Amino acid sequence: MNSFRHRHAVLSALAVLITAVGCSSADDDASAAVPSPDAKVTELCRNLDKALPAKVDGENRDDPEPASELTAGWGGVAIILRCGVTRPPKMTDPRVADGADPDAVPGGVNGVDWLMERQGDGAHRFTTANREAYVEVSVTGGRDSTGVLIDLAPAVKEAIPEGIAS
């Protein structure tokens, strides 16, 4: 997992991949599958839920259905967070660590390491790395994700300690 740290060249690639001009989907109803982590991770996720900001990248908090302390949202479907997800397969893929996968890039934003995966519909999925729980953030296509990660970093750092998720 240390390959996710201090990869300045990869972080530049991350910024290029996620920067785009877009619009909000604030009127759309959102739903999100609720993860089923163990008790320790569930407690970390509850702490994260309490630390999350009311606004992310200019969007008001608008949690998805079904209501859960393990999920959060801002701007309808624009930004969806799920805490306690399983480790994404690409997180251990050596091609990603070497920068050889065009659809998955490791990087860090404000002290939080992330795996960025570009989805087929133009959306991006970010999953925390080097934390005791995996936190996934999905951002709709056509939206600059940089502000999302910047706004979420303080809450993640406060609630999810550094370490390796089980």
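All figures in this text were calculated on a predicted structure; none of them were measured in a lab. (Residues numbered from 1 in each chain as written. Predicted model: local features only at pLDDT ≥ 70, side-chain atom pairs only at ≥ 80, totals over all residues. Heavy atoms only, no water.)

Here's the deal with the pattern of salt bridges
Oppositely charged side chains may form a pair once their charged atoms are brought near each other.
Right, so step 1: For the structure shown, the criterion picks out 11 salt bridges.
Right, so step 2: A salt bridge links K40 to E132; the shortest N-O distance between them is 3.3 Å. Residue K40 is found in helix 2 (residues 39-51), and its partner E132 is found in the loop between strand 7 (124-129) and strand 8 (135-139); the two are separated by 92 residues along the sequence.
Right, so step 3: On the accessibility criterion, K40 (52% relative accessible area) is exposed.
Right, so step 4: For K90, the salt bridge is made with D101, and the minimal N-O distance between the two is 2.5 Å. Taken as a pair, K90 in the loop between strand 4 (79-83) and helix 3 (94-97) and D101 in the loop between helix 3 and strand 5 (104-109) lie far apart in primary sequence, 11 residues in all.
Right, so step 5: By relative accessible area, which is 26% here, K90 ends up partly exposed. (Salt bridge = Lys/Arg side-chain N within 4 Å of Asp/Glu carboxyl O. Helix = DSSP H or I, 4+ residues; strand = E, 2+ residues; numbered from the N terminus. Buried < 20%, exposed > 50% of the residue type's maximum accessible area, 1.4 Å probe, protein only.)

Side note on the packing of aromatic side chains
Right, so step 1: Tallying each qualifying case throughout the model produces one aromatic pair.
Right, so step 2: Both rings, one in W114 and one in F126, keep their centres 6.4 Å apart while their planes meet at 85°; by these two values the pair is edge-to-face. Of the two residues, W114 is situated in strand 6 (residues 112-118) and F126 in strand 7; the sequence distance between them amounts to 12 residues. Both residues of the pair, W114 and F126, count as buried. (Phe/Tyr/Trp six-rings, centres within 6.5 Å; stacked < 30°, edge-to-face > 60°.)

These figures capture arrangement, not role.
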